[in-house]
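Report on the structure
Given next are the chains, with one letter for each unit.
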Amino acid sequence: MNANRTRKQKGQNLAELAIVLPLLILLLLVILDLGRITYSYSALHNAVREGARYGVIHYTDTSDIEDYARTYAVGLNQDELTITPLYSSANETITVTGLYEFKAASPILRLILNTGSFTLHAETRMITEE
């Protein structure tokens, strides 16, 4: 009788594992996506800030500001990244805006977002030096 119980419990453990394992994997994917979102926003914010710092001195050369900012967008897909520098002579400021299209890897986030992606936005404004 004791041997029968042990066999039944082993089967029960396997059934519980089969139910719980997919949920744990989905939870792990969501956690990884949240980490990717945090990293992507941090990299985007850093790139925009560095572009604005470069633009403080080189504010008339917007293409160089964009290229300089892109070099600091480490780990981001350059095709999904938009950097827009804007110089305002009225208040002598340079504003660098960055947009990044983030694509979720986990099916749960894709389901929540409907499209599976959303846009991260970062902006930095600094006063130019003349």
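Residues numbered from 1 in each chain as written. Predicted model: local features only at pLDDT ≥ 70, side-chain atom pairs only at ≥ 80, totals over all residues. Heavy atoms only, no water.

Some thoughts on the pattern of salt bridges
Where charged atoms from two side chains of opposite charge come close, those side chains can pair. As enumerated under the stated definition, the model contains five salt bridges in all. Two residues, R36 and D33, come together in a salt bridge whose shortest N-O distance is 2.6 Å. In this pair, R36 and D33 both sit in helix α1 (residues 2–57), three residues apart, roughly one turn of the helix. We classify R36 as partly exposed; its relative accessible area is 36%. One salt bridge in this structure joins E50 and R53, with 3.3 Å as the shortest N-O distance. Of this pair, E50 and R53 are both found in helix α1, three residues apart, which corresponds to roughly one turn of the helix. Judged by relative accessible area, which is 11%, E50 ranks as buried. (Salt bridge = Lys/Arg side-chain N within 4 Å of Asp/Glu carboxyl O. Helix = DSSP H or I, 4+ residues; strand = E, 2+ residues; numbered from the N terminus. Buried < 20%, exposed > 50% of the residue type's maximum accessible area, 1.4 Å probe, protein only.)

A few points about the packing of aromatic side chains
Applying the stated criterion across every chain yields a total of four aromatic pairs. Where Y54 meets Y68, the ring centres are 4.4 Å apart and the plane angle is 20°; that geometry is what we call stacked. Highlighted residues: Y54 in helix α1 and Y68 in helix α2 (residues 62–71), separated in sequence by 14 residues. Judged by relative accessible area, Y68 falls into the partly exposed class, the value being 28%. Relative to Y87, the ring of Y59 has its centre 4.6 Å away and its plane inclined at 25°; by these criteria the two rings are stacked. In this pair, Y59 sits in the loop between α1 and α2 while Y87 sits in strand β1 (residues 81–88), placing the two residues 28 residues apart along the sequence. By relative accessible area, which is 15% here, Y59 ends up buried. (Phe/Tyr/Trp six-rings, centres within 6.5 Å; stacked < 30°, edge-to-face > 60°.)

Some points on the sheet that holds strand β3 (residues 117–127)
Adjacent strands of a sheet form backbone hydrogen bonds with each other and so pair up, either parallel or antiparallel. What the three strands build is an open sheet, ordered β1-β2-β3; its pairing is antiparallel. Each of the sheet's edge strands pairs with one partner strand only, and the pair in question is β1 and β3. Between one strand axis and the next, the sheet turns by 15° as a mean value, whatever way the strands run. As paired elements, strand β2 (residues 93–103) and β3 share 11 bridges and run antiparallel to each other. Residue F102 lies in a different strand from β3, and its bridge partner there is F118. Contacts between α2 and the sheet are confined to β1 and β2, with β1 contributing the most and set at about 140° to the helix. (Pairing = 2+ DSSP bridges. Axes fitted to C-alpha atoms, helices over the stretch in contact; angles between N-to-C directions. Contact = heavy atoms within 4.5 Å.)

Points about unusual backbone geometry
Residues other than glycine seldom take positive phi values, yet E92 does so here, at roughly 50°. Here E92 lies in the loop between β1 and β2. Accessibility expressed as a relative area gives 37% for E92, which makes it partly exposed.

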